[in-house]
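Each chain is listed here by its residues.
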Amino acid sequence: MPDSLAPYQPSAEKPWNEQRVQHLYARLGFGAAHNTVTAGLSLSPQALADQLLDGASNLPAPDAPYWANWAYDDYPDDDMQTYFEVKSAFFRRWIREMATESVRSKLALFWHNHFVTRENDYACNSFMWHYYDLLHRRAFGNFRTFVEEMGVNPAMLTFLNGNQNIAEQPNENYARELMELFTMGEGNGYTQNDIVEVARALTGWRVNMYSCDPTVNFDPNLYDNTSKTIFGHAGNWGYDDVHELIFTLRSQEVANYICSKLYRFYVYEAPDPVIVEGMAQTFRDNNWEIMPVLRQLFHSEHFYEQRFINARVRSPLEALVGVIRRTGGIWEEDYNEDLVGYLTFLAGNLGQEVFNPVDVAGWPEHHSWLTENTLTARWSGCENVLYSMTGSQAFLDRLRDMAIERVGLEETDPAVITQSLATFFLNRPLEDRLLEVATLYFKGDVPDNYFEDGTWSLYYGAVPWQIVNLFVHLVRLPEWQLN
């Protein structure tokens with residue numbers, strides 16, 4: 001059936017074409033280069049989605065840095081310069097992985113904005129590592145296990161005050177967000193009394209936030225060992241019991257809430273209730289495994305509907321990293337740690353600093369990303385990404401090769417070439433009025449008569465720079481802000 005969760009069957013009305021392949025790469029990850037998209041066309045929609053999902057989920061667990069379990073005192077001679085250097089390098093590491101791994105890093109970013117913690121608040125590198133590690137290890141796995149492990153993660157225990165939640169003085173912060181933000185949705189199936197009782201059930205978990213030692217312990221002396229009433233059920237509930245009650249007595253609420261968030265992240269800001277319900281049923285039927293839900297969505301007719309293509313506003317990271325991915329930039333060949341550091345800095349200035357969402361509810365996303373101030377910074381940032389890679393001759397050569405692959409070596413009409421390159425870069429053709437201007441940018445300083453008398457061809461020396469000049473123009477168009 002069209003526009004359903006049934007597997008997408010290409011047709012004359014809804015073909016499996018470059019635009020839909022790019023749509024998959026751009027939503028599931030941060031985009032793909034021309035040769036990658038071309039290769040994707042040779043696979044069926046389901047086979048390509050599975051290739052991307054399986055490739056990402058089968059990646060090895062992240063490599064732990066040497067400081068992964070260091071407390072403050074483990075830094076040499078209380079050397080805080082080292083502390084801040086390794087922190088900055090780790091921020092850059094995640095951005096670099098977005099440009100290289102793409103798919104797993106994108107989903108981990110989703111979970112980061114779901115299970116929000118803020119490094120600015122817990123201020124501990126080892127806590128940051130254990131949080132990052134959990135986001136990546138569990139990204140495609142079992143959601144219930146994910147939630148259970150997140151609650152006793154040192155970053156989360158510190159950020160939402162679980163560390164201060166003791167029998168004599170319960171702290172409700174984590175209990176509230178566990179239900180409101182992490183599992184069920186605001187006001188959806190719980191009461192204020194449930195928050196109070198869940199907080200009591202979660203007492204006793206400790207991490208030393210003052211020393212930055214990531215070891216988490218349960219202290220039975222700080223646990224409220226009395227009866228609690230949660231969702232109308234009384235018992236001496238503890239940590240495991242809370243999750244059992246949420247995932248059994250509120251399974252409908254959990255499934256619909258999480259699938260709605262996945263839908264907004266991967267499809268469109270306004271969830272389709274019928275589609276979400278179908279995803280939620282799959283979620284419950286598969287005992288909270290995330291991967292079957294993702295497969296169902298990225299296999300579906302619904303995901304490939306024309307109205308969803310180029311319909312989400314890019315986040316700052318999608319815009320900036322997307323330039324590298326779309327142009328086929330290669331790590332250590334076309335860009336290096338300097339550019340990654342610039343991306344990390346600029347994304348933060350644009351409101352998307354990794355490890356530091358704006359608050360516990362996360363980045364609001366979609367239209368909120370675009371303001372008068374952030375838009376101009378996006379333009380200059382994307383331009384700088386492009387220009388920074390032009391120091392690589394291999395990058396310039398690949399731009400020329402892309403143009404030849406798209407239109408053929410014999411094509412010399414600058415408007416035809418411009419339209420083809422723009423259609424790939426923006427994942428849509430340019431309207432006539434936009435094409436006329438874009439063609440001028442592509443032609444650049446090349447004399448007009450060169451295009452008429454045969455002097456110019458795609459082997460002309462300036463061609464790679466003409467393509468860069470075109471792309472610099474395109475990142476300023478509204479069309480580039482949509483994904």
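Everything that follows concerns the structure shown earlier in this document.
An account of the accompanying structure is given in this report. (Residues numbered from 1 in each chain as written. Predicted model: local features only at pLDDT ≥ 70, side-chain atom pairs only at ≥ 80, totals over all residues. Heavy atoms only, no water.)

## Overview of the overall build of the protein
For the protein, the helix and strand inventory stands at 23 helices and 4 strands. For 483 residues, the compact-globule formula gives about 23 Å, and the C-alpha radius of gyration of the protein, at 25 Å, lands near that figure. Expressed along its principal axes, the backbone C-alpha trace of the protein runs to roughly 90 × 60 × 40 Å. When burial is assessed residue by residue, the protein has 57% of its 483 residues classed as buried. Sequence separation of at least 24 residues holds for 74% of the intrachain contacts in the protein that already meet a minimum separation of 6. Accessible surface computed for the protein: about 19,100 Å², of which carbon and sulfur atoms make up 49%. In the protein, the 35 positive side-chain charges and the 65 negative ones have mean positions that sit 3 Å from each other. (Helix = DSSP H or I, 4+ residues; strand = E, 2+ residues; numbered from the N terminus. Rg over C-alpha atoms; globule rule 2.2 N^0.38 Å. Buried < 20%, exposed > 50% of the residue type's maximum accessible area, 1.4 Å probe, protein only. Contact = heavy atoms within 4.5 Å. Areas by Shrake-Rupley, 256 points an atom, 1.4 Å probe, with all protein chains shown as cover. Lys, Arg positive; Asp, Glu negative; His and termini not counted. Charge placed at Lys NZ, Arg CZ, Asp CG, Glu CD.)

## Observations concerning helix α13 (residues 251-266)
End to end, α13 covers 22 Å across 16 residues, agreeing with the expected 22 Å (1.5 Å per residue, within 8%). Looking only at α13, the buried set comprises V254, A255, Y257, I258, C259, S260, K261, L262, Y263, F265 and Y266. (Expected span 1.5 Å × (residues − 1).)

## Description of the state of the cysteines
For the structure on display, the rule yields 1 disulfide. What pairs with C124 in a disulfide is C212, and their sulfur atoms sit 1.9 Å apart. Taking the torsion about the sulfur-sulfur bond, which here is approximately 85 degrees, the covalent link between C124 and C212 counts as right-handed. Of the two residues, C124 sits in the loop between α6 (119-122) and α7 (125-137) while C212 sits in the loop between β1 (205-208) and β2 (213-218), which places them 88 residues apart along the sequence. (Disulfide = S-S within 2.5 Å.)

## Describing the nonpolar core
Formed by 156 residues in total, the largest nonpolar core has its most connected members in W111, F143, Y266, F355 and F471. Per-element accounting of this core gives the leading share, 9 residues, to α13. (Core = buried A, V, L, I, M, F, W, Y, C linked by side-chain atoms within 4.5 Å.)

## Regarding helix α12 (residues 239-249)
All of the buried residues along α12 are Y239, V242, H243, L245, I246 and F247. Tucked inside the fold, the buried residues of α12 contact α8 (143-150), α10 (173-183), α11 (192-201), β1, β3 (228-230) and α13.

## So, the pairing of β2
As paired strands, β1 and β2 are joined by 4 bridges and run antiparallel to one another. What sits directly across from W205, in β2, is F218. Remark: 4 residues form the turn of the hairpin made by β1 and β2, two consecutive strands paired antiparallel; C212 in that turn has positive phi of roughly 70 degrees. (Pairing = 2+ DSSP bridges.)

## Thoughts on the pattern of salt bridges
As enumerated under the stated definition, the model contains 29 salt bridges in all. Between R92 and E337 there is a salt bridge, with its nearest N and O atoms 2.7 Å apart. In this pair, R92 sits in helix α4 (residues 80-100) while E337 sits in helix α17 (residues 337-349), placing the two residues 245 residues apart along the sequence. Overall, R92 belongs to the partly exposed group, its relative accessible area being 22%. Of the charged contacts, one joins D334 and R398 as a salt bridge, the two residues approaching to 2.0 Å between their closest N and O atoms. Of this pair, D334 sits in the loop between α16 (316-327) and α17 while R398 sits in helix α19 (residues 393-407), and the two are 64 residues apart along the sequence. Take D334: its relative accessible area is 4%, and that puts it in the buried class. R398 sits in the partly exposed class, given a relative accessible area of 26%. By sharing partners, the salt bridges in this structure join D3, K14, E301, E305 and R307 into a single network. (Salt bridge = Lys/Arg side-chain N within 4 Å of Asp/Glu carboxyl O.)

## A look at the environment of Y223
Examined against the element boundaries, Y223 turns out to sit in the loop between β2 and β3. For Y223 and N165, which are 58 residues apart along the polypeptide, the C-alpha to C-alpha distance reads 8.7 Å. For Y223, the side chain forms a polar contact with the main-chain oxygen of W237, separated by 2.8 Å. (Polar contact = N/O pair within 3.5 Å; in protein donor to acceptor, adjacent residues only side chain to side chain.)

## Some thoughts on the packing of aromatic side chains
Within the structure shown, the criterion is met by 47 aromatic pairs. The ring of F30 is capped by K106, whose NZ or CZ atom sits 5.2 Å from the centre of that ring. Its end group placed over the ring of F231, R250 keeps NZ or CZ at 4.3 Å from the ring centre. (Phe/Tyr/Trp six-rings, centres within 6.5 Å; stacked < 30°, edge-to-face > 60°. Lys NZ or Arg CZ within 6 Å of the ring centre and 35° of its normal.)

## A few points about the side chain of Q481
Here Q481 is to be found in the segment after α23 (463-474). Owing to a relative accessible area of 4%, Q481 belongs among the buried residues under this scheme. Apart from the residues within four sequence positions on either side, Q481 is in contact with R312, V313, R314, L370, L375, R378, W379 and V475.

## Quick notes on the packing of α19 against α23
Closest axis-to-axis distance for the α19/α23 pair is 8 Å, and the angle between their directions is 85 degrees. Judged by the inter-axis angle, α19 sits roughly perpendicular to α23. Between α19, through L396, L399, R400, M402 and A403, and α23, the contact on the second element is made entirely by V463, P464, W465, I467, V468 and F471. (Axes fitted to C-alpha atoms, helices over the stretch in contact; angles between N-to-C directions. Parallel < 35°, antiparallel > 145°, perpendicular 65-115°, else oblique.)

## Things to note about the packing of α13 against helix α14 (residues 273-285)
Two elements in contact, α13 and α14, have axes separated by 8 Å at closest approach and are oriented at 120 degrees. Our classification of the angle between α13 and α14 gives oblique. The crossing of α13 and α14 is right-handed. Contacts between α13 and α14 involve S251, Q252, A255, N256, I258, C259, S260, L262 and Y263 from the first element and I275, V276, E277, M279, A280, F283 and R284 from the second. (Left-handed = near helix turned anticlockwise from the far one by under 90°.)

## As for the side chain of Q22
Secondary-structure assignment places Q22 in helix α1 (residues 18-28). A distance of 3.1 Å separates a polar atom in the side chain of Q22 from a polar atom in the side chain of R326. Those residues within four positions of Q22 in sequence are excluded, and the remaining contacts are A32, V37, R326, T423, F424 and N427.

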